[in-house]
Amino acid sequence: MKRILFTGCGGQIGSELTLAFRQIYGNDNVIASDVSDKISTDLRESGPFVHLDVLDKNAIAETIDKYNIDAVVHLAAILSAVGEKNPQLAWNVNINGSVNIFEVAREKKLERILVPSSMAVFGPDTPKENTPQKTVLIPTTMYGVTKVAIELLGNYYNLHYGMDIRGLRYPGIISHKTPPGGGTTDYAVAIYFDAVKQKSYDCFLRADSMLPMMYMPDCIKATTELFQADKNKLKNATGYNVTAFSVTPADVANSIRKIIPDFEITYHPDFRQDIADSWVNSMDDNSAREEWGWQPDFNLDAMTEDIIKEIQLKETSKVI
Ligand code: NAD
Ligand code: SER
């Protein structure tokens with residue numbers, strides 16, 4: 001790859017993944033973009049940034065020409081909780097944004113597109129435990145509907161236009177650098193900040209809501225590995241199950257108590273509980289392991305230790 005365009009770079013994943021790609025491919029070869037200009041100083045100062053709305057196909061085409069782009073990591077999206085509040089917006093940004101990226105990529109013969117999918121492709125009829133790679137995809141959220149459609153559309157473009165579109169079904173991604181953008185798994189980020197700041201957290205999911213999760217360093221590792229994988233080995237190109245561990249809010253609270261023993265948690269489930277209930281408990285990611293060598297590094301306790309240390313450092317530096 002010579003030059004890679006990132007869309008949605010200001011979000012939870014883009015703010016870290018774009019920097020990781022700059023380390024690998026060179027600062028000037030990774031073009032960051034977002035419809036929002038609120039991006040981190042690190043991102044803005046380490047390489048090119050373009051204000052880009054993925055709903056503007058001409059602007060995408062102009063950016064690709066201007067920077068001589070040959071690959072796109074397309075992260076711009078509306079996530080599950082915001083999407084259920086405004087399903088028309090989720091459809092518009094997720095579907096039309098992806099169609100614009102795929103179409104410009106087809107017209108300009110780009111080498112590769114990576115667009116994340118999500119465990120939200122699953123629905124109430126999907127087997128909940130160790131969910132297979134190939135299974136029932138009938139989600140009940142608009143976010144899930146868009147993610148299934150994008151996977152299928154990517155397959156269509158690969159098959160009929162000989163393109164190289166790849167994607168992975170992320171579980172909930174947990175991180176401490178950039179706040180998440182409005183998903184159902186956001187509790188698993190907020191809980192750590194509240195644990196450090198006030199030793200308590202009021203959770204919007206039930207204590208026993210089991211969901212697959214992953215720490216950001218593993219998310220970066222999985223995405224980079226899939227981006228770099230040999231195309232000939234990819235049999236499930238647009239939607240690989242990937243996971244690190246499955247946990248409930250009660251499990252996360254117990255893990256935090258190993259470091260902050262007097263941490264307390266209360267539960268007041270809201271509309272996001274229905275979304276979580278429609279998803280699966282755990283995923284079988286053997287296809288990713290076999291086809292491109294996926295293996296996570298972090299389990300729950302290792303992540304908890306690292307994330308609490310990082311948030312404590314951040315809090316201490318604020319005081320000083
Ligand atoms: P986020 O909500 O944190 O960030 C999304 C970014 O997209 C934001 O910076 C926003 O400004 C930008 N955006 C929104 N509309 C846009 C538009 N019209 N044009 C350009 N940019 C626009 O999301 P994220 O968590 O970083 O997710 C990145 C990708 O990973 C998405 O495809 C998401 O569905 C997927 N994903 C994320 C998770 C997770 O837990 N974070 C889990 C599964 C899948
Ligand atoms: N973390 C995402 C969400 O909750 C899953 O795709 O929306």
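No experiment lies behind these values; they were computed from the predicted model shown.

A.B. asks: Could you give an account of the side chain of Thr-178, naming the residues involved and the relevant values?
C.D. replies: Checked against the element boundaries, Thr-178 lands in the loop between strand 9 (172–174) and helix 7 (187–198). Given a relative accessible area of 19%, Thr-178 falls into the buried group. Among the polar contacts listed, one links the side chain of Thr-178 to the side chain of Ser-15, at a separation of 2.6 Å. For Thr-178, the residues in contact, after removing those within four places along its chain, are Gly-10, Gly-11, Gln-12 and Ser-15.

A.B. asks: Please give an account of the sheet that holds strand 13 (residues 245–247) that cites residues and values.
C.D. replies: One open sheet holds the three strands; their spatial order is 9-11-13, and the pairing between them is mixed. Whereas interior strands pair on both sides, the edge strands pair on one side only; in this sheet they are strand 9 and strand 13. Here the strands of the sheet are splayed against their neighbours by 45 degrees on average, with no regard to which way each runs. Lying on the sheet, helix 8 (residues 216–228) is in contact with strand 9 and strand 11 (211–215); it crosses strand 11 at an angle near 85 degrees.

A.B. asks: Please give an account of the pattern of salt bridges that cites residues and values.
C.D. replies: As a working rule, side chains carrying opposite charge can pair if their charged atoms are close by. For the coordinates displayed, the defined rule picks out 16 salt bridges. For the salt bridge of Glu-16 with Lys-177, the shortest nitrogen-to-oxygen distance reads 3.9 Å. On the criterion of sequence distance, the pair formed by Glu-16 in helix 1 (residues 14–25) and Lys-177 in the loop between strand 9 and helix 7 is long-range, its members being 161 residues apart. Given a relative accessible area of 14%, Glu-16 falls into the buried group. Looking at Lys-177, the relative accessible area reads 57%, which means it is exposed.

A.B. asks: Account for the nonpolar core, naming residues and giving values.
C.D. replies: Membership of the largest hydrophobic core comes to 39 residues, with the highest contact counts inside it found for Tyr-187, Tyr-192, Ile-256 and Phe-263. The set of elements that each furnish at least two residues to this core consists of helix 6 (142–161), helix 7, strand 10 (200–203), strand 11, strand 13, helix 9 (249–257), helix 10 (272–278) and helix 12 (300–319). It is helix 7 that contributes the most residues to this core, seven residues altogether. Among all residues touching Tyr-192, those that are not within four sequence positions of it are Ile-174, Val-252, Ile-256, Leu-300, Met-303, Thr-304, Ile-307, Ile-308 and Ile-311. In terms of nonpolar packing, the next biggest core, distinct from the first, is built from 35 residues, Ala-20, Phe-21, Leu-226 and Ala-288 among them.

A.B. asks: Can you break down the site of ligand 2 residue by residue, with the values?
C.D. replies: Close to ligand 2 lie Leu-79, Ser-80, Ser-118, Tyr-143, Gly-183, Thr-184, Thr-185 and Trp-279, which account for all nearby residues. Here Ser-118 contributes a side-chain N or O atom positioned 2.6 Å from an oxygen atom of ligand 2. Here an oxygen atom of ligand 2 and a side-chain polar atom of Tyr-143 are 2.9 Å apart. Computed on the free molecule, ligand 2 has an accessible area of 240 Å², of which 93% lies beneath the protein chains in the complex. Class assignment of the residues belonging to the shell around ligand 2 gives a composition of three nonpolar, five polar and no charged.

A.B. asks: How would you sum up the site of ligand 1? Please name residues and give values.
C.D. replies: Surrounding ligand 1, one finds 28 residues, the nearest of these being Gln-12, Asp-34, Asp-53, Tyr-143 and Lys-147. Between ligand 1 and Gly-11 there is a distance of 3.2 Å, counted from an oxygen atom to a backbone nitrogen or oxygen. In the model, an oxygen atom of ligand 1 is placed 2.6 Å from a nitrogen or oxygen of the Asp-34 side chain. A total of 830 Å² of accessible area belongs to ligand 1 in isolation, and the protein chains cover 90% of it.

A.B. asks: Please give an account of the pairing of strand 2 (residues 30–34) that cites residues and values.
C.D. replies: With five of five residues buried, strand 2 is to be regarded as a mostly interior element. Burial of strand 2 is two-sided: the residues Val-30, Ala-32 and Asp-34 facing one way and the residues Ile-31 and Ser-33 facing the other way are all buried. Across three bridges, the pairing between strand 1 (residues 4–7) and strand 2 is parallel. In the strand pairing of strand 2, Leu-5 is matched with Ile-31. On the question of chirality, the crossover connecting strand 1 to the parallel strand 2 by way of helix 1 is right-handed. Bridge count for strand 2 against strand 3 (residues 49–51) is three bridges, and the pairing is parallel. Note that in strand 3 the partner of Ala-32 across the bridge is Phe-49. Each parallel crossover has a hand, and for strand 2 linked through helix 2 (residues 41–46) to strand 3 it is right-handed.

Conventions and cut-offs
Residues numbered from 1 in each chain as written. Chains lettered and ligands numbered in written order. Predicted model: local features only at pLDDT ≥ 70, side-chain atom pairs only at ≥ 80, totals over all residues. Heavy atoms only, no water. Helix = DSSP H or I, 4+ residues; strand = E, 2+ residues; numbered from the N terminus. Buried < 20%, exposed > 50% of the residue type's maximum accessible area, 1.4 Å probe, protein only. Polar contact = N/O pair within 3.5 Å; in protein donor to acceptor, adjacent residues only side chain to side chain. Contact = heavy atoms within 4.5 Å. Pairing = 2+ DSSP bridges. Axes fitted to C-alpha atoms, helices over the stretch in contact; angles between N-to-C directions. Salt bridge = Lys/Arg side-chain N within 4 Å of Asp/Glu carboxyl O. Core = buried A, V, L, I, M, F, W, Y, C linked by side-chain atoms within 4.5 Å. Near = heavy atom within 4 Å. Areas by Shrake-Rupley, 256 points an atom, 1.4 Å probe, with all protein chains shown as cover. Nonpolar A, V, L, I, M, F, W, Y, C, P; charged D, E, K, R; others polar. Right-handed = clockwise from strand over helix to strand, strands pointing away.

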